[in-house]
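# Coordinate inspection notes
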Amino acid sequence: MSRRILQPVRAEKVGAQKLVTWGRPTLTPSARFGRVIPVCEPVLLGNERRYVDECLDTNWISSKGRFIREFETRFAAACGVRHGVACTSGTAALHLIFHALGLGPGDEVIVPTLTIASNANAVRLTGARPVFVDSEPRTWTVDPARVEAKITPRTKALTAIHLYGHPCDMAALREIARRRDLWLVEDAAEAFGAVDHGRPAGSLGDVAAFSLYANKMITTGEGGVIVTDHDELAALLRSLRDLAFDEETYFWHRYVGFNYRLTNLQAALGLAQLERADDLIARRIANADRYDAALRDLPGVTPPPRTPQVRNVFWMYAVVIGDEFGVSRDELMIELGRRGIESKTFFIPLHLQPIYFDPQDHTGYPVAEDLARRGLYLPSSGGLTADELDYVASSIREIHQQAKKK
Ligand SMILES: *Cc1c(COP(=O)(O)O)cnc(C)c1O
């Protein structure tokens, strides 16, 4: 057959084992709140409607209009860098970055294994190969001590993913990148507002990608932003986002570009969100403080990492369940679902995915695999009330106590 569409990679065929078999528990609205408390939903309490209305009233609904440039400028300033380039998603941001760095077949990029597929896919789409690294047990982010062993003469870049809002050990990663002459790319999709030793996420490497998806720290519905202090790279990214029209001769192309343009409608939402960013970030941190206090003495529940000199923004309040808790992570999720509480498992590590599984890779990724088996995140929206947070925490306590009685 010559006419054939793309076929999925079959796990059996490549030898990938489905280490994490967990699906989704059934959710029943909670008797107390009359609804399912979702893991995340956006908080739209500022000028969102007013600015979107302005787009409609003025007819500026496409990718030109005042909100885009204003949003980019303000977003970059919030990250403490000079340039902001808005685009259609966090994944598109990463694709633009790797394309702009000139990656192609034969090149390699170091990527942490415990994350969403976006980063590795963006590398793969350039023709380069993602090379995975295990997590560090303390912060769950990429382990700098394991990076060096994965660097080869083909390695061109290193990606730092600030998992669940906690920055990577950036001092260590910067040192490796400098010594080995690699680009250091931050995937800060989950970490807008995070700070490492006084410096905001987005300013910690050479270039950074953010996502503006509805569950992220701030949102435009769908969207992404790249920030960098590198003038030439910023100009190239801006051009590649827009089909790389030549500056001198329009409709003349010297680069293969994309249409990854954000719309003025989306940027309108984004600007309104940015105006209230401090509050949106503070809400997530306040959630974490309340959960931490309520779950503190509960055996077998490891809270998300807190590190001196680091501001974790707790994009997701992620916990790891140990044997002492009395029921497994999966049973806990079912029980929470019965009480109207949505939860989610951690990411399934990329080295296990049918699309990336490599039977020749004998490195081992014990930390990421263990986290993937035992980790879940609890409702983490900025809009949660104290009552809802307490209900989630007391439900977990109750599930633990019932397990103890059995
Ligand atoms: C959300 C996310 C992305 C992708 O962002 P989209 O806007 O959904 O494409 C990339 N990396 C990480 C770490 C993310 O959490």
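Relevant structure appears above.
Attention in this report is confined to the structure presented alongside it. (Residues numbered from 1 in each chain as written. Predicted model: local features only at pLDDT ≥ 70, side-chain atom pairs only at ≥ 80, totals over all residues. Heavy atoms only, no water.)

## Quick look at the sheet that holds strand E13 (residues 344–345)
Basically, it comes down to this: By the convention used here, strands pair only if DSSP detects at least 2 bridges between them. Secondary structure counts use DSSP, requiring at least four H or I residues in a row for a helix and at least two E residues in a row for a strand, with both numbered from the N terminus. Only heavy atoms enter the contact rule, under which two residues are in contact if any of them lie within 4.5 Å. Between N-to-C directions, angles cover 0 to 180 degrees, with each direction set by a line fitted to C-alpha atoms, over the stretch in contact for helices.
Overall, antiparallel pairing links the four strands, which are arranged E10-E12-E14-E13 in an open sheet. The open sheet has two free edges, formed respectively by strand E10 (301–302) and E13, since each of these has just one partner strand. Bridge count for strand E12 (residues 317–321) against strand E14 (residues 375–378) is four bridges, and the pairing is antiparallel. In the strand pairing of E14, Tyr317 is matched with Leu378. Its contacts with the sheet place helix H10 (residues 277–295) against E12 and E14, and it is angled at close to 25° to E12. Packed on one face of the sheet, helix H12 (residues 366–374) meets E12 and E14 and runs near 50° to E14.

## A closer look at the site of the ligand
To keep things clear, this is the line we draw: One heavy atom suffices: a residue is near a molecule or strand as soon as one of its heavy atoms comes within 4 Å of it. Each polar contact in these results corresponds to two N or O atoms within 3.5 Å; when the atoms are within protein, one needs to be able to donate a hydrogen and the other to accept it, and residues that are neighboring in sequence are counted only if both atoms are side-chain atoms. The accessible surface values rely on the Shrake-Rupley method and a 1.4 Å probe; as for residues, cover is taken only from the protein chains in view. Nonpolar residues are Ala, Val, Leu, Ile, Met, Phe, Trp, Tyr, Cys and Pro. Charged residues are Asp, Glu, Lys and Arg, and all others, Gly as well, are polar.
Around the ligand, 13 residues are found, and the nearest of them are Gly90, Thr91, Glu190, Ser211 and Lys216. Between the ligand and Asp187, the relevant distance is 2.8 Å, taken from a nitrogen atom to a side-chain nitrogen or oxygen of the residue. Contact with the protein chains hides 92% of the accessible area of the ligand, taken as 380 Å² for the molecule alone. When the residues that make up the shell around the ligand are grouped by side-chain class, the tally is three nonpolar, seven polar and three charged.

## Overview of the pattern of salt bridges
Under the convention used in this document: Just to be clear on terms, a salt bridge is a Lys or Arg side-chain nitrogen sitting within 4 Å of an Asp or Glu carboxyl oxygen.
Inspection of every chain in the model, using the stated rule, returns 33 salt bridges. For Arg283, the salt bridge is made with Asp279, and the minimal N-O distance between the two is 2.9 Å. Highlighted residues: Arg283 and Asp279, both in helix H10, separated by four residues, approximately one helical turn. Residue Arg374 pairs with Asp370 through a salt bridge whose shortest N-O separation is 2.8 Å. Of this pair, Arg374 and Asp370 both sit in helix H12, four residues apart, which is roughly one turn of that helix. If you follow the salt bridges from partner to partner, you end up with Glu148, Glu175, Arg178, Arg179 and Arg180 in one network.

## Describing unusual backbone geometry
This is how the line gets drawn: Summary of the burial criterion: residues with accessible area below 20% of their type's maximum are buried, those above 50% are exposed, and those between are partly exposed, where the area comes from a 1.4 Å probe applied to protein chains only.
Backbone geometry at Leu243 places phi at a positive 60°, although glycine is not the residue there. Phi is positive for Phe314, close to 50°, though the residue is something other than glycine. Relative to the helices and strands, Phe314 is located in the loop between strand E11 (310–311) and E12. Judged by relative accessible area, which is 3%, Phe314 ranks as buried.

## Side note on the side chain of Glu388
Mapped onto the secondary structure, Glu388 falls in helix H13 (residues 386–405). Looking at Glu388, its side chain comes within polar contact range of the side chain of Arg35, at 2.7 Å. In this structure Glu388 touches Phe33, Arg35, Ile37 and Gly383, once residues within four positions along its chain are discounted.

## Some details on the environment of Leu271
Mapped onto the elements of the fold, Leu271 is located in helix H9 (residues 264–275). Given the relative accessible area of 2%, Leu271 is considered buried. For the pair Leu271 and Gly46, spaced 225 residues apart in the sequence, the C-alpha separation amounts to 9.7 Å. Excluding anything up to four places from it in sequence, Leu271 contacts Tyr51, Phe67, Glu70, Phe71 and Arg74.

## Details of the pairing of strand E8 (residues 207–211)
Here E8 lies mainly inside the structure; five of its five residues are buried. Side-chain alternation along E8 places Val207, Ala209 and Ser211 on one buried face and Ala208 and Phe210 on a second face that is also buried. Pairing between strand E5 (residues 183–187) and E8: three bridges, direction parallel. Bridging across to E8, Val185 finds its partner in Val207. Taken together, the five bridges between E8 and strand E9 (residues 224–228) define a ladder with antiparallel strand orientation. From the neighbouring strand, Ser211 faces E9, where its bridge partner is Gly224.

## Topic: the environment of Arg290
The residue Arg290 is located in helix H10 in this model. Residues Arg290 and Phe258, spaced 32 residues apart in sequence, show a C-alpha to C-alpha distance of 44 Å.

## A short note on the packing of aromatic side chains
Centre-to-centre distance and the angle between the planes together describe a pair of aromatic rings. We count it as follows: Paired rings are identified among Phe, Tyr and Trp, the last through its six-membered ring, by centres lying within 6.5 Å, and are further divided according to the angle between planes into stacked (under 30 degrees), edge-to-face (over 60) and tilted (the rest).
Evaluation of the coordinates by the stated rule reveals 20 aromatic pairs. Residues Phe75 and Phe210 carry aromatic rings whose centres are separated by 4.9 Å and whose planes lie at 75° to one another, so their mutual orientation is edge-to-face. With a gap of 135 residues between them, Phe75 in helix H3 (residues 66–78) and Phe210 in strand E8 connect regions that are remote in the sequence. Residues Phe75 and Phe210 agree in their burial class; the two are buried. Aromatic side chains Trp315 and Tyr377 sit 6.4 Å apart centroid to centroid with 50° between the ring planes, which places their arrangement in the tilted category. Taken together, the positions of Trp315 in the loop between E11 and E12 and Tyr377 in strand E14 put the pair 62 residues apart, joining distant regions of the chain. The class of Trp315 is buried, set by a relative accessible area of 3%. These aromatic residues form a ring-pair network of at least three members: Trp140, Tyr164, Trp315, Phe346, Phe347 and Tyr377.

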